[in-house]
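Take a look at the letters that make up each chain.
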Amino acid sequence: MIWTVWDQWVERTDLPAMLTETSVEMQDRQGTLMRAFAVENGRIRLAVTQGTVDSTLTDMLIAYEDKRYYRHNGVDVWAMMRAAVQAAFHGRVVSGGSTLTMQTARLLENSGTGSLRGKLRQMRLAWALERTLSKADILHLYLQHAPYGGRFEGVRSATHVWFGKEPTRLSPSEAALLVALPQSPENRRPDRHPNAARMARDRVLERIGAAQVMSDVPRAMRPLPRLAPHLADALRIEQLNQTRFVTTLHAPVQKQMETMVRMHAADQAVGDSVALMVVDHHNGAVLARVGATDYSDAHGALGFVDMTRAKRSPGSTLKPLIYGLGFDRGLAHPDTIFADRPTRFGRYAPQNFDGQFRGDVTARTALAQSLNIPPVALTDRLGPQRLMASLRAFGAEPVLPGGKPGLAIALGGIGLSLEDLAKVYAGLAQLGRAVSINDQRLGETQTDQVIAPRAAWQVGDILRGIVPPAGSQGGLAYKTGTSYGHRDAWAFGYDGRHVIGVWIGRPDGTPVPGAFGADHAAPLLFEAFGRLKPELDPPPPPPPDTLIVTTADLPAPLRRFGPAQPNASGPVVSFPPDGAVLEDADTMVKVEGGHLPLTVLLNGAPITSGLRQRTLSVDLTSPGFSNIAVIDASGRSARVAVELRP
């Protein structure tokens, strides 16, 4: 009868919520904690996964707190009787009678232990928990809710703030401190009461028969990591129901880059900020993303604004893409001569940054010196829409101030973010293929060939030849840029594996007097590569169809870049027509007019010369756009652009 009444009484127990809220976390690719958000009342309660806590701790906890844990049904009657006898004999509490299950019940209900009524409630709840959960589940709940001082609950929170690590591997000394702390978390806090903490730890070691240790207890709480805060906040807002974000970031690299940026801030004027991204262009993984100098409004820099995503003028950083498109379309070669002299394009009359002109220069020199007339001339021939289409094909999302692209976009008259430009440079590093850049999952280089591998390699070859900042090692393909009014200073660089982009400016868009990409952003770029790895990864070899010759050895139309001229008496490509969309890679080219022999070029690379007939079978090597050019014996030429469907 008594048994039945007790059984029904336990069965009717109202169980508390056991799916307690845990902190939202952001982790790096290896599971390293990078950011944790507080739960109710500002508490930090990191989620504890079963099987990830060192057995040294769980074995010690059971041995010290509840030796018969696996044999009782929630309440250890013998332990309670022993505690009562000892208390009566000594006139004070010598040992507790609460089991781990009862302590878990108290933690779940956040109830005290002083009253008889409270103790009975814990016993009833302990019996009910044992009927509902396994011993492993109950132990997991204890490790999830146990208090360890301050606002930190759960063993993962404790090991991070006291030892700076996960609870997967603990020394006996560390485990003993974690056993002792929950019994009196404030009175035994090592940072405030080190003697009490040490004595409590030593009692645990003594009771279980472990060897005593001479080491001291931690004297300060370690701050939880707060890496990549802009990304953490963005992910939390974008995915409200997610509790754990595993990113592609690498915590050591992120920490290195944030430290470097903060050190750079010491030399900055009030209001200046820095943003930086590190990307593995082989798989699109973002290794580091620094949105501002500091995640605060200190220094007047609006540090809460993520400048890796903000749209800004790219200055000269688009010039490598423009030349790549020109090389791809057969309009120019790195050793093609351009005229750098005052030129008007309708109403638009661009000038170089220093107001000087250099006369005849090769494309290689023009890009290395960041001259303005040649890339504008190329954009005029290509068409601004083609440049816009290429940006989007690489994954960028450009913003046009006036809605319609003009030639000014070649020199920065467009809005692009640091992330947008990182995608463009990652594509150049991947020999013209678009790269899917992502913070949360490893992507793959896409099959979309935006520009020919040959053209992308030629651009990289030029950028690797640019003189590095003083004291920096050469070999990095890099380009700098400065927007109008010194509002933005840029530097982007890549080697055989990584792309790094740097932006310096003010989030509110006000000018930074004297700020130049070459003088300010480039040294930071090279320092970032130095912190990332000891040596640069080698670049890829030139593709087989790369034409590596001097200006004098180029086909006549490629020796000098000039305006398009009507071809009245020269050769005409009668088939395929300009703009044709082809299904077969093997294409018959037919030429009319002009003087034999003929030279035929595919995407700027000669495929035959001395041709004394007017038909030729041309193999379009890959899907996408191709440019077929024909040059007759008098140097007159004709071109058609065709598209091969995949």
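Our subject is the structure that appears above.
Just so it is clear, the structure is predicted and the values come from calculations on it, not from any experiment.

Colleague: Account for unusual backbone geometry, naming residues and giving values.
Modeller: A cis amide bond, omega -5°, links F575 with the succeeding residue P576. Its location among the elements puts P576 in the loop between strand 15 (572-575) and strand 16 (581-582). Cis geometry marks the peptide bond from L596 to P597, where omega comes out at 0°. Mapped onto the secondary structure, P597 falls in the loop between strand 17 (586-592) and strand 18 (598-602).

Colleague: Would you mind going over the packing of aromatic side chains in detail, with residue names and values included?
Modeller: Aromatic ring pairs are defined here through the distance separating the ring centres and the angle between the ring planes. By the definition in use, this model includes nine aromatic pairs. The interplanar angle of 75° and the centroid separation of 6.4 Å between the aromatic rings of Y323 and F338 together place this pair among those described as edge-to-face. Placement of the pair is Y323 in helix 12 (residues 319-328) and F338 in strand 8 (residues 337-340), with a sequence separation of 15 residues. Of the two residues, Y323 and F338, both sit in the buried class. Each ring, one from F338 and one from F561, has its centre 4.7 Å from the other, and the planes form 20°; the classification is stacked.

Colleague: I'd like to hear about the sheet that holds strand 5 (residues 244-246), residue by residue, with values.
Modeller: In space, the three strands of this open sheet follow the order 2-1-5, with mixed pairing throughout. Taken across any chain shown, the strands that pair with only one partner, and hence form the sheet edges, are strand 2 (33-36) and strand 5. Here the average twist between neighbouring strands, direction ignored, is 15°. In terms of strand pairing, strand 1 (residues 25-27) meets strand 5 through three bridges, oriented parallel. Residue pairing for strand 5: Q27 is matched across the bridge by V246.

Colleague: Any chance you could break down the packing of helix 7 (residues 155-163) against helix 8 (residues 172-180) for me, citing the residues and the numbers?
Modeller: Any two packed helices are characterised by the angle at which their axes cross and by the distance between the axes. Direction vectors running N to C along helix 7 and helix 8 enclose 125°, while the axes themselves pass 11 Å from each other. It follows that helix 7 is oblique to helix 8 by the angle criterion. The hand of the helix 7/helix 8 crossing is right-handed. The segment helix 7 lies against helix 8, with V155, A158, T159 and F163 engaging E174, L177 and L178. Taken together, the residues of the contact of helix 7 with helix 8 break down into five nonpolar, one polar and one charged.

Reading guide: rules and limits
- Residues numbered from 1 in each chain as written.
- Predicted model: local features only at pLDDT ≥ 70, side-chain atom pairs only at ≥ 80, totals over all residues.
- Heavy atoms only, no water.
- Helix = DSSP H or I, 4+ residues; strand = E, 2+ residues; numbered from the N terminus.
- Phe/Tyr/Trp six-rings, centres within 6.5 Å; stacked < 30°, edge-to-face > 60°.
- Buried < 20%, exposed > 50% of the residue type's maximum accessible area, 1.4 Å probe, protein only.
- Pairing = 2+ DSSP bridges.
- Axes fitted to C-alpha atoms, helices over the stretch in contact; angles between N-to-C directions.
- Parallel < 35°, antiparallel > 145°, perpendicular 65-115°, else oblique.
- Left-handed = near helix turned anticlockwise from the far one by under 90°.
- Contact = heavy atoms within 4.5 Å.
- Nonpolar A, V, L, I, M, F, W, Y, C, P; charged D, E, K, R; others polar.

That's the geometry; what it means functionally is another story.
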